[in-house]
Amino acid sequence: MSEGLIVSGHDPRFERTLYAHVGKPGSHTLDYYLSHGGYEAAKKALTGMTPDEVIEEVKRSGLRGRGGAGFPTGLKWSFMPKDDGQQHYIIMNADESEPGSFKDRYILEDDPHQAIEGMILAGYAIRATKGYIYIRGEYRRAYDRLLAAIEEAYTRGYLGKNLFGSGFDFDLYLHRGAGAYICGEETALMNSLEGLRANPRLKPPFPAQKGLFGKPTTINNVETIASVVHIVARGADWFAQMGYDKSKGMKLYQVSGPAVRPGVYELPMGTTFRELIYDWAGGVKEPIKALIPGGSSTPMLPFNDDTLDTPMDYEHLAEKGSMLGTGGVILIPERACVVDVIWNLVRFYAHESCGKCTPCREGVAGWLVKLLGQIERGKGKPGDIELMEDLLDNIEGKSFCPLADAAVWPVRGALRHFRHEFERHIEAGGCPVEKKGFWG
Amino acid sequence: MPKLRINDREIEVPEGTSVLDAIFHAGYDVPYFCSERHLSPIGACRMCLVKVGAPRKGKDGDWIRDEEGNPRIFWFPKLMAACTTRATEGMVVDTLADEVKKAQAGMVEFHLENHPLDCPTCDKGGACELQDRSYEYGLFEKYYTQTQNGLKTVLYSRFAFTKRHADKHHKLSEFVVLDRERCIHCKRCVRYFEEIPGEEVLDFIERGNHTFIGSEEVPLPAGFSGNITDICPVGALLDLTARFRARNWEFEKTPTVDMNDAFGAAIWVDSRSGRIERIRAREHPETNEIWIADAARFGHGWTVRDRVTAPLIRKDGELVPASLAEAEAYLRERLARVRGEEVGLLLAADGTLEEGYAFAEAARALKADHFGFENATRFPAANLPAARFEELLSAEFALVIGDPAEEMPNLYLRLQEFLKGITPAPRYYHGTPIADLRLEERMPRRKERLAVFAAYPTRLHRFAGIAGVYPPGSAGPLVEALSAILNGKRPEPVPGVPEAELRRVAERFLAAGSRAIVVGAEVLEAPEAAQAVADLARSKGALVFAMPPAAGARGLEAVGLWNPRGPGWEEPGARFLFAFGATPPAEVLASARLRVLALSHLDPQARAHADLVLPAKTFYEKRGYTVNAEGRLLELRPAPTAPMGSMDGLEALAFWLRAMGKKPPAAHYREARERLHERYRLPLDLPEEGFFWRPKLRLAARTGKDEGELFLQPTMWKERMLRDDRVRTALGAPRLRVHPATAKKLGLAQGARVEVATRYGRRDATVALDPSLAEGALLLPAYGRGTGRRVPYRLLVPAGGEA
Amino acid sequence: MGFFDDKQDWLEIVFKNYPPENRRAAVMPLLRKVQQEEGHVSPERVAEIAEILGTTATEVRGVMSFYSYYQAVPTGKYHLQVCATLSCKLAGAEELWDTLRAELGVGPGEVTPDGLFSIQKVECLGSCHTAPVVQVNDEPYLECMNRERLKALLEGLRSGKRLEEIELPGDCGHEVRKEGA
Ligand SMILES: Cc1cc2nc3c(=O)[nH]c(=O)nc-3n(C[C@H](O)[C@H](O)[C@H](O)COP(=O)(O)O)c2cc1C
Ligand code: SF4
Ligand code: SF4
Ligand code: FES
Ligand code: FES
């Protein structure tokens, strides 16, 4: 296990970086951060690299966005205009609201300076002298820690004017959300930050042309930006030796549901479900029938050997008809009802629909959720499943932003692998599963 | 100019065209709800999804080609919203594919899912975009019928749950009602308010499936709110003045021109059984686009109330109905030995060009020296060069002195376009672009392009980089001071406006490559100032937009109804007075011996003074030309609502002249038009492409100065509109606005009810202390007459009131 | 008196977070401040915020009603937000919710007669590995909320303890923060 690609957390060459300090006493303070090599990457870049060299390094690393869509980060950065004389903005997307995802939170809580350093690097690369961290409103501890860290960084010269004597100025601001999943969508996020209703905006113009406050803007996930710190510190090659072909680097996987040790695990991209669930999360507490591989919008897969041996990366999961998403694995126990599970998720998307476009407002939030609820309650009629599939066709790919698709995909996944459970509801006129006894 | 293919047709469209407009331009159709002319495309309703493909360029910069060497078409992986997709070179659009039809039908079904389907009781029924599009694009063979117990029942959507219930009668103002169940969330109304008049008074509340339209600014400010009832694609926003008055197909729809101000906005007059029931905006791209002001739209209720339907003759101090023959005999008797010089001929502010011509000709033939039109300003608007409204959009800087939102509301909307930097859109086969990709939500207003001054803060002040409020009467001095600065001379001080401020205006004026000057009634009442504007326009180069308080001013002046030396509408003079369409001030009437008024309605002064009243047509009922503020010839067409026997100005004048034994210059509009054709080369019929009449005139200005302290503030609402309870309720009691210091001097307390008497009559008002005014200011809404003037007044305290 | 009259310094700090020409960007922090201190945002406060930001009350209400955190109706001193999304559901969030409702005798939008409690279902709080999760006001999460912990929470709050003084019995039974495993 010491040659070729690193695709297992057991590989001795693998070393944790993003979560290296999470859970350590005092890890959120500047002193702790500095004593563990903090701000060295920023110093290295600002004093020894041009912005374009930073972008080049990120491109070479193969880093792809960790917010769910997996867009190549270096390429995204290269879309920013150069020498246009305008204010540029870098935004850290810390809205983390996709059910099953909770990886960004501990970076912000236990290693806020890592996030700040990443923002300095990203800001430098895209020539943004101002950055915002959009943090979901409920993340109170993360907010407190970030606020304190930013203040500390300002007082000790890690934010503000002329960082590391490089002449580069960087100001960092915090903006708190208030309970709306759609704010994680990048253009909705910008509307939210501008004090408008958080409906997604039209693209084009893309954020790099006309983003926050009408200015060129790049927006990245917390994990993405934190990864850049280590790419700059250790080099693109170090990053690129982890993972498969187009899925590189380390990834924060999350496990929730009845695992022995649910939580966040930093592992090389391409780690298998089996390794994650059994070696790191300690195995399962009860029989499992399915897993959601990467946050609630990714279609579920049956819990079998084929799935368990699938490497968790963009390509392998696409092959299985699902997605890596945010890497948030949810285990669905045998005793749960898949229809109920899916209804819960569609209900989530219905609740979070912004209401801008028809297929989502009327399709997902008005119809699909009711139809699923009807089936789950045993009130479904023959033909309802086919009607639902037709609705899915009329919604999928037709909405303004991907939220409606995100509601469709889990239903499709469930129908693909667990259609019999839906049929059984209609035939039996009720949900065969007792919904008590989950709470201890 | 990208070339692209829509189904089977190759077309070429201007750069920046949306696929949606390209489809219509090619002669195909595609459904849409959220897009609307002049509003930003937002891609929300998803009705316009089509299949789009485009060629791609390879690394070598050339198109990637197929085996036959043609650029290969790469189809987008998803259907695209045509409204927000830009048409590009080589694009291929398929609007007829099965997947497109399925998507459209699916979207119709989603739209109908929560819709109440109460079309039979909906005022929009028959003119509803949702009805039409459902019919055209819903897949009825699939959704619309279902057999139940052997019966075929109609099923508009397969949605079989309880529909969303919401407020069905939510009054947004006296004029607009919202039915939240009918709303399809197209956001047109929300975007309208922010993008067109620049007032954020309507928005979506809540989110997702619970989203509804709401406002915390209820009642909606009266001004520009009515346009949302035109553009709402369904019956969610309705005109309350026309609520339940008729089905859409029952209306007689007359295309004519609004004569409440000099803009000349195109309107539809919807009437039924001889009553005007509704006014809607009519599209005229070069003038009002698709918008009109609330006064023009909702201020029609007066036409159906208390019409004068027969001649009225004063007998024993009372006006009593009489036959036309009696009226004729009455008039013959009294005019028998009257000499022409003793006659006065006056025409209302909304008189047509033909009427103006006849009045002017008659006055000339009679050698009468008392003639004119209502609300003529001291300086004739026709002396100022006229620019097209669209030309405003090419200016870089605009100086406004006055209150466009009230004096010429549609010009205010044009100024909003100017502030956003919007230029006229290309014209397509289907006309105005439906999804103009140059427009965006919340476009910043470029305040630095605008300076505005008025006697009170106007709607425009908030959008101006330089904005000032001067005490009434200072418009003239302000213009003169500015002109002095621009001409390198020392300016006289202007009360309330620091010289530095004026110098900043001058700087921006000179720095701008092209400029516009907008002046209202106040400047037109100050002849030196108005002349200075004319001179500035000539010497420095500037477009001028004058806002005369008489709708027909430019044309009436140009056909000779301009009387610089003799008495006019405002001054006593002739002993034998004939006025058409409006009642002159009491002192003018009182000083005459015979007062014949042709009116559609009686007012207190007519009741008190008229000897004979003839039934008159309103401007909605007349045929004729008018010349608007840009010198554009427009045509009025008659709605079939005039009571039998009511006359237009030509007929009434002929009636008078015949009683004098004189031949009328023209008895009929057609005859008048022939004369206009002979004399001024005006067309006999208005050509499709429009016609401008801008004779270069140097008419002498009238002399005189305002003598009085009460400033009559411009209003889009006119006296006659106040006959309608709805309008009165909406406007509330007129406010006598006064600067606190001035109030103290006058002993006026906030909220006190007073009666204000001026030469135009009496008006109840409530005192409103207003620190935003300049010291010394005392303002009362003009409601038409005396707009922009300062007049003497008396304050009377009504019973129960206090001053 | 206006809510923000004596908070001018605070306002100034907030406005520093946004470009001066984009004052209305501060609408969310202002709404949050009112929500935190008054437990809901009344129409008067909406109007006051609009005034401060130079926009209309309609716009402020449009924004406010978009988010689930801001409440239009008064809430209790302790507003208990129960995550109802999948991972929490799989850990018994529905039973937790039912228990809470029964225990407090209130439904959504209501406040207990003593003014102490109100409840709301919310969506995934981003702590799925410590399900079920409850958040009180906008304080840090209460995790792995089993019966005993919920009981201790309610008892503690009823007895007048501050949230951070309340000791919840037991733990999640697994490491919550991973330190490189
Ligand atoms: C409905 C929706 C919700 C999203 N929520 C988040 C989120 O909470 N956090 C996040 O980082 N990205 C989220 N995204 C993705 C962002 O739009 C965006 O792609 C991402 O922040 C880009 O960063 P990355 O390239 O680093 O992944 C969401 C996207 C959608 C459509
Ligand atoms: S899919 Fe449409 S309604 Fe749903 S969140 Fe996106 S834009 Fe809003
Ligand atoms: S009220 Fe009418 S215009 Fe406004 S969003 Fe609803 S349907 Fe559209
Ligand atoms: S999405 Fe509404 S017209 Fe295109
Ligand atoms: S589902 Fe409750 S915290 Fe994620």
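This text follows the structure it describes.
K.L.:
Can you help me understand the nonpolar core in this one?
P.N.:
Soluble, globular proteins show a tendency: their nonpolar side chains are buried together. The biggest cluster of nonpolar side chains holds 220 residues, and the ones touching the most others in it are L20(B) and Y67(C). Among the elements that line this core, the one with the most residues is helix α17 (residues 403–428) of chain A, at eleven residues. Those residues in contact with Y67(C) that lie beyond four places of it in its chain are Y134(A), A178(A), G179(A), A180(A), C183(A), S192(A), L196(A), A198(A), R207(B) and M28(C). Y124(A), I150(A), F170(A) and I231(A) belong to the second largest nonpolar core, which has 80 residues in total.

K.L.:
So what exactly am I meant to see when it comes to the packing of aromatic side chains here?
P.N.:
Two aromatic rings are characterised by how far apart their centres lie and by the angle between their planes. Tallied over the full model, the rule gives 39 aromatic pairs over all chains. Where Y181(A) meets Y349(A), the ring centres are 5.8 Å apart and the plane angle is 70°; that geometry is what we call edge-to-face. On the criterion of sequence distance, the pair formed by Y181(A) in the loop between β4 (168–176) and α8 (186–193) and Y349(A) in helix α14 (residues 338–352) is long-range, its members being 168 residues apart. Y349(A) sits in the buried class, given a relative accessible area of 0%. One aromatic cluster is present, formed by Y89(A), Y132(A), Y173(A), F213(A) and Y18(C) through successive ring pairs. A cation sits over an aromatic face here: R234(A) above W238(A), 5.1 Å from the ring centre. Sitting over the face of the ring of F418(B), R449(B) holds its NZ or CZ atom 4.7 Å from the ring centroid.

K.L.:
Can you help me understand helix α9 (residues 222–234) of chain A in this one?
P.N.:
In an α-helix, one turn spans 3.6 residues, which is why side chains three or four residues apart end up on the same side. All names here are of chain A. Taking 1.5 Å as the rise per residue, α9 with 13 residues should run 18 Å; its terminal C-alpha atoms sit 19 Å apart, in good agreement. The buried fraction of α9 is high, at eleven of 13 residues. Among the residues trailing α9, G235 stands out with phi positive, at a value near 95°.

K.L.:
Before we go on, may I ask you to explain the state of the cysteines in this structure?
P.N.:
Disulfide: a covalent bond formed between the sulfur atoms of two cysteine residues. Residue and element names in this part refer to chain C. Counting across every chain of the model gives one disulfide over all chains. Covalent S-S linkage joins C144 and C172, the inter-sulfur distance amounting to 1.7 Å. Residues C144 and C172 are joined through a disulfide that is right-handed, its torsion about the S-S bond being 100°. Taken as a pair, C144 in the loop between β3 (134–136) and α7 (147–158) and C172 in the segment after α7 lie far apart in primary sequence, 28 residues in all. Here C144 matches C172 in class, with each residue buried.

Conventions used here
- Residues numbered from 1 in each chain as written.
- Chains lettered and ligands numbered in written order.
- Predicted model: local features only at pLDDT ≥ 70, side-chain atom pairs only at ≥ 80, totals over all residues.
- Heavy atoms only, no water.
- Core = buried A, V, L, I, M, F, W, Y, C linked by side-chain atoms within 4.5 Å.
- Buried < 20%, exposed > 50% of the residue type's maximum accessible area, 1.4 Å probe, protein only.
- Helix = DSSP H or I, 4+ residues; strand = E, 2+ residues; numbered from the N terminus.
- Contact = heavy atoms within 4.5 Å.
- Phe/Tyr/Trp six-rings, centres within 6.5 Å; stacked < 30°, edge-to-face > 60°.
- Lys NZ or Arg CZ within 6 Å of the ring centre and 35° of its normal.
- Expected span 1.5 Å × (residues − 1).
- Disulfide = S-S within 2.5 Å.

These results come straight from atomic positions and should not be treated as a statement about function.
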